Amino acid sequence: MNLIHRWICRSARWRRKLEEQVLPWVLSDVELGPDVLEVGPGPGLTTDLLRPRVERLTAIEIDRRLAESLAARLRGSPIKVIRGDATALPFGSARFSGAVSFTMLHHVPSPALQDQLLREVRRVLKPGGVFAGVDSLQRLSMRLFHVHDTLVPVDPRTFGARLEAAGFEEVLVETNATVFRFRARCPKNRSSS
Ligand SMILES: C[S@@+](CC[C@H](N)C(=O)[O-])C[C@H]1O[C@@H](n2cnc3c(N)ncnc32)[C@H](O)[C@@H]1O
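The structure contained in this document is the topic of the report that follows. (Residues numbered from 1 in each chain as written. Predicted model: local features only at pLDDT ≥ 70, side-chain atom pairs only at ≥ 80, totals over all residues. Heavy atoms only, no water.)

Over its 16 residues, helix H2 (residues 12-27) extends 21 Å from the first C-alpha to the last, a length consistent with the 22 Å expected when each residue adds 1.5 Å. In H2, a bend of some 45° at leucine 18 exceeds every other bend along the element. Taken residue by residue, H2 has Trp14, Leu18, Val22, Leu23, Val26 and Leu27 as its buried positions. Positioned one or two residues after H2, aspartate 29 has a phi angle of 65°, which is positive. (Helix = DSSP H or I, 4+ residues; strand = E, 2+ residues; numbered from the N terminus. Expected span 1.5 Å × (residues − 1). Bend = angle between axes of the 7 residues up to and from the residue. Buried < 20%, exposed > 50% of the residue type's maximum accessible area, 1.4 Å probe, protein only.)

All right, on to unusual backbone geometry then. A positive phi angle, close to 65°, is found at aspartate 29, a residue other than glycine. Looking at where aspartate 29 falls in the secondary structure, it is placed in the loop between H2 and strand E1 (35-39). Unlike most non-glycine residues, threonine 103 shows phi in positive territory, near 50°. Examined against the element boundaries, threonine 103 turns out to sit in the loop between strand E4 (96-102) and helix H5 (111-124). Exposure remark for threonine 103: the relative accessible area of 23% places this residue in the partly exposed category.

By nearness alone, 20 residues border the ligand, and Trp14, Gly40, Glu61, Asp85 and Phe102 come closest of all. Between the ligand and the protein, one listed contact pairs a nitrogen atom with a backbone N or O atom of glycine 40 at 2.9 Å. The cavity where the ligand resides is the second largest pocket. Where the shell around the ligand is concerned, the elements lending two or more residues are helix H1 (3-9) and strand E2 (56-61). In terms of residue class, the shell around the ligand is built from 10 nonpolar, 7 polar and 3 charged. (Near = heavy atom within 4 Å. Polar contact = N/O pair within 3.5 Å; in protein donor to acceptor, adjacent residues only side chain to side chain. 1 Å grid on protein atoms, 1.4 Å probe; cavity = no way out; pocket = protein on both sides within 12 Å on 5 of 7 lines; lining within 4 Å. Sits in = over half its atoms within 2 Å of the grid points. Nonpolar A, V, L, I, M, F, W, Y, C, P; charged D, E, K, R; others polar.)

Remember, this is a structural readout, not a statement about activity or role.
Below, the structure is given as structure tokens:
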């Protein structure tokens, strides 16, 4: 992430927005179960807000500095922070009861890698596990925030089909003025996928 992005992602304003708007919308009626994976926590404001909602939480962050500082901040808590790449998850199959990603998919540098990430999340979910998240719509402000940073916007009109192609079912994608939320389920019967 570039400097302005890092600053926004740890600001009080972003925390308020996550707490009051983003998480309630993304997670309403979503049952993540007891063992949850968070993909791309950044500085961890989303991780902090997830903590009281789930029994066990593992966060995987590709940026070494962010991963190390989040791991240091959460040392002694039950949350596990791992430095790693969500397009090649270092977990066995069917490990997690649920997975989330908040405003991170557009940081994955190509549609092919984004699809690989979706397949990986599906692989590590238990049968029936839910993947829920949110990402930004393409707007001028998005492009400005991402100067010298990765920006591969995800088109909500095709994202449902991409989730299905990755093996998910019961897919929902909904858009508001600035972002879209999604949720999708790993098939209960894996042989049907
Ligand atoms: C814009 S930040 C969002 C942070 C946080 N989820 C939030 O909403 O405040 C996106 C994060 O995803 C991370 N990221 C990008 N690609 C990743 C990958 N392949 N695996 C894990 N994390 C990744 C970035 O390093 C960055 O910290």
